[in-house]
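So the chains spell out like this:
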Amino acid sequence: MEQRETFWRIVLLAPALLVFGVFVVWPLLDSFRYSFTDWNGFDPNYNLVGLDNFARIFRDPEFRNAILNTAIWIVAALLLPVLAGLGLALLLNTGVRGSRVFKSIFYLPICLAAVIVGQIWIWIYQPDWGLLNTAIEAVTGVRRFNFAWLAEPSSALGAVIVAWAWQQTGLAMVIFLAGLTAIPSDLLEAAAIDGVPRWRQTLHIVLPMLRPATVVVVALSVINALKGFDILYIMTGGGPFHSSNTLAFFMYEESFKKYRMGYGSAISVVLFLIALSIIVIYFRQLRKLGEIYD
Amino acid sequence: MKPWHLMKATLGATALVAPLMLGSASAEDAVSVSHYFTGELGQKGITEIFTEFTDKTGIAVADSPIGHEDFKTGILVRAAGNSLPDVFSYWAGARTQFVVDAGNIMDIGDMWSADKLDDVVAKSVADGATLYNGKRYLVPFGYHYAGMFYNPKVMTDAGITTMPKTWDDLLAACKTLKDKGIDPIALGSKNRWPAQFWFDYLLLRTAGPDYRAKLMSGAASYTDAEVKKAMGLWKDLVDAGCFAANSNANDWTDASDQVARGDAAMTLMGTWITGYWNGQGLQPGTDYDFFEFPMVAEGVPNAVVGPVDGWLIAANAKNAEGAKKLVAWLASDPAVQAKWAQIQGALSANVKVDASTYTPVMRRALKTVADADAFAFNYDLATPPPVAEVGLNMFAEFMNDSSNIDALMDKTQAAAADAFKQ
């Protein structure tokens, strides 16, 4: 009986494992292998170069630029969607009129493809007739304000991050809202009877009890930030001249535009290690939470 | 059956069936073709051309078009997987050199002489675009010429009746237009490559084609006085306010629209702009026209810049005979060539195409190329792709801030030297 069950487990898992193995594990291991070569991506002949690619990474100013931008993006991911999502969730949870409609509206962007979000924001940032510059003209009275948000190295990355955060906020909000419904209402009622003001209830009861939701939101946000590629590709293409490059984009450029597949693989290994350490921290936190709430 | 045996049988069956499911179902004798002519008109035109070929020869064509930018990566991935289509479109120059060097492409010297392609392909194009490492690989399909396309009404209204012939003329025209409140030059360098023509022409007009060839192959340096001189002239133009604002925020079509609307007077672009404008109902000669990039220094050969689109045959083509027939026919049939040139706003590489099939503007472009001393590929086709990445970024950076050419050239040379080492 036992044996039979094990057998069926293996059989039923096999298709998923096969697909996962062929499309995730194998390429992953392959990119580890290529990171030690000078392969250009299509020539059948290539050489082993040992740790050269990794040594090069740490000399490459473009890598420093990409890792700095990735760090900026991660910090922004920790702040923007998390705080905005939390704020919206707390606000909508008070039972404002029409809160259901607002919930749907705020959630809507997450249903859009990143490419569409990128295109909408390209129009918002358009220098001559975009919504943002037109609004700035209207508010400040400046005539012909035509700052090119996506074409200036000083603002390109920030502009993309804002667009990305706009999309992510809805997801954070929904997770926080789910977390809020899990907070027993008698706790808040008891506090209210004791005359605890609303803001102290939020600070001392609601926020601590939202910890599980926060862990999920933060982890998703950071992982999504590391994956942030499509919206960048559409909005700036990593430009102007690398100024908005992230690690993921830098890897793509080196591999597919400059045909340095070996070097690109080395960058992807570094990116993988960063993502792995974040995921490990995430699972540890989840386990701790599990211990607390079990 | 024991469970373990059942599992083995299941896995075994899966292993047998999987390749069948993944394998393509194309007919055995079809010539597989991939190309980047995916614009509405281009795709329709090429489908008609392939159908005509099948009707004539009975050889089927399995067509798989891929968008321009994706094609650049996609075709190399297919080369890496040893699964190139029998025939694919490609840009002559450094990109073709790249795949030829990797051993992926078929030498078509025998076909070239058997089909007498020397008699139909313009010699300047044949010499520059089809030979690699001394052997014949590419068959040209069409080519383009980059010139200064302008809005005649805007120029006339500003009082400019003779188009600039020298650098000083251009600076003067720029001032006249600015005084009238018109942006003299539109440039859409968001995707970087449209800026390259400025570098190409300025370098060719000052240092000449031989020096430029050296720079493109890595034998000269971006820190040379020749390069700095060209960049300095470009900077003069930027400093004089000749370029419309925010070029890095615009695409080439945005720049074309600025000229078509009359917000800007001219743009340096390839002849495909005529296809774009014709599609919008603009009349060649009245709504738009072009002049040659002005002469800058005396005694420098007159070079023209542009890309050549061609066809390559994979070294391991499954239907090599069919592939050769198709490619030879695409280049040598004057009706096909005339039709294609018209659709793409391109110039035919076939000398037998009747000049009357062109618009007046394209006829002049054809004559300009014929009268030139040399035909040079534009930057991103003249230098190896990894180096082109470096240069294209430099052009965009320059358009953003042109204040320190020396530092920019030092940085570019360091990155270019590194890219050449590959």
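Residues numbered from 1 in each chain as written. Chains lettered and ligands numbered in written order. Predicted model: local features only at pLDDT ≥ 70, side-chain atom pairs only at ≥ 80, totals over all residues. Heavy atoms only, no water.

Turning to the environment of E62(A), a few remarks are in order. Residues and elements named next belong to chain A. Of note, E62 is situated in helix α3 (residues 61-93). Relative accessible area serves as the criterion here: at 24%, E62 is assigned to the partly exposed category. Measuring from C-alpha to C-alpha, the distance between E62 and S277 comes to 23 Å, with 215 residues separating the pair along the chain. Other than its neighbours up to four places away in sequence, E62 contacts H242 and F250. (Helix = DSSP H or I, 4+ residues; strand = E, 2+ residues; numbered from the N terminus. Buried < 20%, exposed > 50% of the residue type's maximum accessible area, 1.4 Å probe, protein only. Contact = heavy atoms within 4.5 Å.)

All names here are of chain A. Going through the model one piece at a time under the given rule, you end up with 60 aromatic pairs over all chains. With centroids separated by 5.7 Å and ring planes inclined at 75°, the aromatic side chains of W73 and W164 adopt a geometry described as edge-to-face. With W73 in helix α3 and W164 in helix α7 (residues 156-181), this residue pair connects regions lying 91 residues apart in the sequence. The exposure class of W73 is buried, given its relative accessible area of 1%. (Phe/Tyr/Trp six-rings, centres within 6.5 Å; stacked < 30°, edge-to-face > 60°.)

Attention shifts here to the sheet that holds strand β12 (residues 308-313) of chain B. For sheets, the rule is that strands pair by backbone hydrogen bonds, running either parallel or antiparallel. Residue and element names in this part refer to chain B. What the five strands build is an open sheet, ordered β2-β1-β3-β12-β6; its pairing is mixed. At either margin of the open sheet sits one strand with a lone partner, and together these are β2 (61-65) and β6 (139-143). Taking each pair of neighbouring strands and ignoring which way they run, the sheet shows an average axis angle of 25°. Sheet topology note: the strand β1 (residues 31-35)/β2 ladder contains five bridges and is parallel. Residue pairing across strands places H35 opposite P65, the latter belonging to β2. (Pairing = 2+ DSSP bridges. Axes fitted to C-alpha atoms, helices over the stretch in contact; angles between N-to-C directions.)

We now examine the layout of surface pockets. Residues and elements named next belong to chain B. Estimated volume of the second largest pocket: approximately 1200 Å³. Along its surface, the second largest pocket is lined by 50 residues, and F98, P384, A419, F420 and Q422 are the ones closest to its centre. It is helix α10 (residues 208-217) that provides the largest number of residues to the lining of the second largest pocket, a total of six residues. By residue class, the composition of the lining of the second largest pocket is 25 nonpolar, 13 polar and twelve charged. (1 Å grid on protein atoms, 1.4 Å probe; cavity = no way out; pocket = protein on both sides within 12 Å on 5 of 7 lines; lining within 4 Å. Points joined across faces, edges and corners; volume = space filled by probe spheres on them. Nonpolar A, V, L, I, M, F, W, Y, C, P; charged D, E, K, R; others polar.)

Our focus in this paragraph is helix α16 (residues 360-371) of chain B. All names here are of chain B. For α16, spanning twelve residues, the distance from its first C-alpha to its last is 16 Å, which sits close to the expected 16 Å at 1.5 Å a residue. The set of residues buried in α16 consists of V361, M362, A365, T368 and V369. Taken around the axis of α16, the buried residues stretch over an arc of 110°, which confines them to a single face. Seen from the buried face of α16, the exposed residues on the opposite side, beyond 90 degrees, are K367 and A370. (Expected span 1.5 Å × (residues − 1). Arc of directions from axis to C-beta.)

Before going further, it helps to examine the state of the cysteines. Residue and element names in this part refer to chain B. Applying the stated criterion across every chain, the model contains one disulfide over all chains. The residue that forms a disulfide with C174 is C242, at a sulfur-sulfur distance of 1.9 Å. Residues C174 and C242 share a disulfide whose torsion about the S-S bond is about -105°; that sign makes it left-handed. Remark: C242 occurs in the loop between α11 (225-239) and α12 (252-261) and C174 occurs in helix α8 (residues 167-179); sequence separation between them is 68 residues. Exposure class is identical for C174 and C242. Each is buried. (Disulfide = S-S within 2.5 Å.)

Where a strand is regular, its side chains alternate between the two sheet faces. Residues and elements named next belong to chain B. Of all five residues making up strand β7 (residues 146-150), five are buried, and the element is well covered by its neighbours. Bridge analysis of β7 against strand β9 (residues 264-270) gives five bridges, and the strand direction is antiparallel. Paired with A146 across the strands is G270, a residue of β9. By the bridge criterion, three bridges tie β7 to strand β10 (residues 289-291) in an arrangement that is antiparallel. Each residue of the ladder has a partner; that of Y150, found in β10, is D289.

This part takes up unusual backbone geometry. In this structure, R144(A) is a non-glycine residue whose phi angle is positive, near 50°. Structurally, R144(A) can be placed in the loop between α6 (131-140) and α7. With relative accessibility at 68%, the residue R144(A) sits in the exposed group. Positive phi, close to 50°, is recorded for N133(B), a residue that is not glycine. For N133(B), the position within the fold is in the loop between β4 (131-132) and β5 (135-136).

With 148 residues, the main nonpolar core has W198(B), F199(B), Y222(B), W234(B) and W311(B) as its most contacted residues. Here this core spans two domains, since at least three of its residues come from each of domain 1 (29-144 + 306-376) and domain 2 (146-305 + 384-420) of chain B. Sequence-distant contacts of W198(B), defined by excluding residues within four places in its chain, comprise M148(B), I185(B), L187(B), W234(B), L237(B), F243(B), L268(B) and F293(B). Counting 23 residues, the second largest nonpolar core, distinct from the first, contains V160(A), I161(A), A163(A) and Y252(A). (Core = buried A, V, L, I, M, F, W, Y, C linked by side-chain atoms within 4.5 Å. Domains from an automatic or database assignment.)

If you look at the interface, chain B gives 32 residues, while chain A gives 27 residues. Counting the surface lost from both chain B and chain A, the interface buries some 2600 Å², and carbon and sulfur atoms represent 60% of this. Linking chain B with chain A are two salt bridges, by the criterion used here. When the shortest N-O distance is used, the salt bridge between R260(A) and D418(B) registers 3.4 Å. (Buried area = accessible area lost by both parts, 1.4 Å probe. Salt bridge = Lys/Arg side-chain N within 4 Å of Asp/Glu carboxyl O.)

All names here are of chain A. Positive charge collects at one region of the surface, where R211, R284, R287 and K288 lie side by side. The element best represented in the positive patch is helix α13 (residues 261-293), accounting for three residues. On the secondary structure map, R211 appears in helix α10 (residues 211-227). (Patch = residues over 30% accessible without salt bridge, like charges linked within 9 Å, V, L, I, M, F, W, Y side chains within 5 Å. Areas by Shrake-Rupley, 256 points an atom, 1.4 Å probe, with all protein chains shown as cover. Lys, Arg positive; Asp, Glu negative; His and termini not counted. Charge placed at Lys NZ, Arg CZ, Asp CG, Glu CD.)

Another aspect to go through is the domain arrangement of chain A. On domain assignment, one finds that chain A holds domain 1 (1-26) and domain 2 (35-293). Here domain 1 of chain A and domain 2 of chain A have C-alpha centroids that lie 34 Å from each other.

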